[in-house]
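# Commentary on secondary and tertiary structure
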Amino acid sequence: MTLFEKITARQIPAEILHEDDRCLVIRDINPQAPVHFLVIPKTVIPRIGEAAPEQQALLGHLLLTAASVAKAEGVAESGFRVVINHGPDGGETVPHLHVHVLGGRPMTWPPG
Ligand code: AMP
C-alpha cells in the first residue's frame, strides 16, 4: 500500500479537507506555504506520466477539486499554484499521484 492509500484507509492520520468517491484532499504535513494541500486519487496512478487516456475524467476531477478546495481555503481571489511532481528531477517523493495546491503567499518564478 502507498502512504496515501494508508491515509485513505485511515491507517495513518491526516487532516482531511475533502473526500468523495474518487479522491481525498489532505493538508500537507510539511507545508511550503500558509495553505498547502494535496489532492489524491483513490485509484493509484504512480505519477502523471503513467496516467492512461481512460483516466482523463479522473484527472479533470482532481483539478476541479483542487480549485474548489482552494476556494474553500480562501485563496481563490489571492491566487494559488497547482503543482505535480514527476520523477527525480520533478521532486517526486511519494509514488502515488497527487496534486499540490499552494497559496496564502506570493509564489516566485521560476520555481526552485
Ligand atoms: P512529492 O514530493 O511531490 O511526492 O510530495 C509528497 C508530499 O507529501 C510532500 O509535500 C510531503 O510533505 C507530503 N507528505 C508526506 N507524508 C505525509 C503525511 N503523512 N501527511 C500529509 N502529507 C504528507
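Described in the following lines is the structure provided in the data block. (Residues numbered from 1 in each chain as written. Predicted model: local features only at pLDDT ≥ 70, side-chain atom pairs only at ≥ 80, totals over all residues. Heavy atoms only, no water.)

## Some remarks on the sheet that holds strand β4 (residues 80-83)
- With antiparallel pairing, five strands are arranged side by side in an open sheet as β1-β2-β3-β5-β4. Every other strand in the sheet has two partners, leaving β1 (16-19) and β4 as the edge strands with one partner each. Each adjacent strand pair in this sheet contributes to an overall mean axis angle of 15°, direction not counted.
- Alignment of β1 against strand β2 (residues 23-27), held across three bridges, turns out to be antiparallel. Across the sheet, Ile16 pairs through a bridge with Ile26, a residue of β2. (Pairing = 2+ DSSP bridges. Helix = DSSP H or I, 4+ residues; strand = E, 2+ residues; numbered from the N terminus. Axes fitted to C-alpha atoms, helices over the stretch in contact; angles between N-to-C directions.)

## Observations concerning unusual backbone geometry
- Look at the link from Trp109 to Pro110: it is a cis peptide, with omega at 5°.
- Mapped onto the secondary structure, Pro110 falls in the segment after β5 (99-103).
- Residue Arg10 is not a glycine yet carries a positive backbone phi of 65°.
- Along the chain, the position of Arg10 falls in the loop between α1 (3-8) and β1.

## Some thoughts on the site of the ligand
- Close to the ligand lie 16 residues, the nearest being Asp28, Asn85, Thr93, His98 and His100.
- Here an oxygen atom of the ligand and a backbone polar atom of Val94 are 2.9 Å apart.
- Of the pockets mapped on this structure, the ligand occupies the largest pocket.
- Looking at the shell around the ligand element by element, the count peaks at three residues for α1.
- Of the residues contributing to the shell around the ligand, the split by class is seven nonpolar, six polar and three charged. (Near = heavy atom within 4 Å. Polar contact = N/O pair within 3.5 Å; in protein donor to acceptor, adjacent residues only side chain to side chain. 1 Å grid on protein atoms, 1.4 Å probe; cavity = no way out; pocket = protein on both sides within 12 Å on 5 of 7 lines; lining within 4 Å. Sits in = over half its atoms within 2 Å of the grid points. Nonpolar A, V, L, I, M, F, W, Y, C, P; charged D, E, K, R; others polar.)

This is a description of form; function is not addressed.
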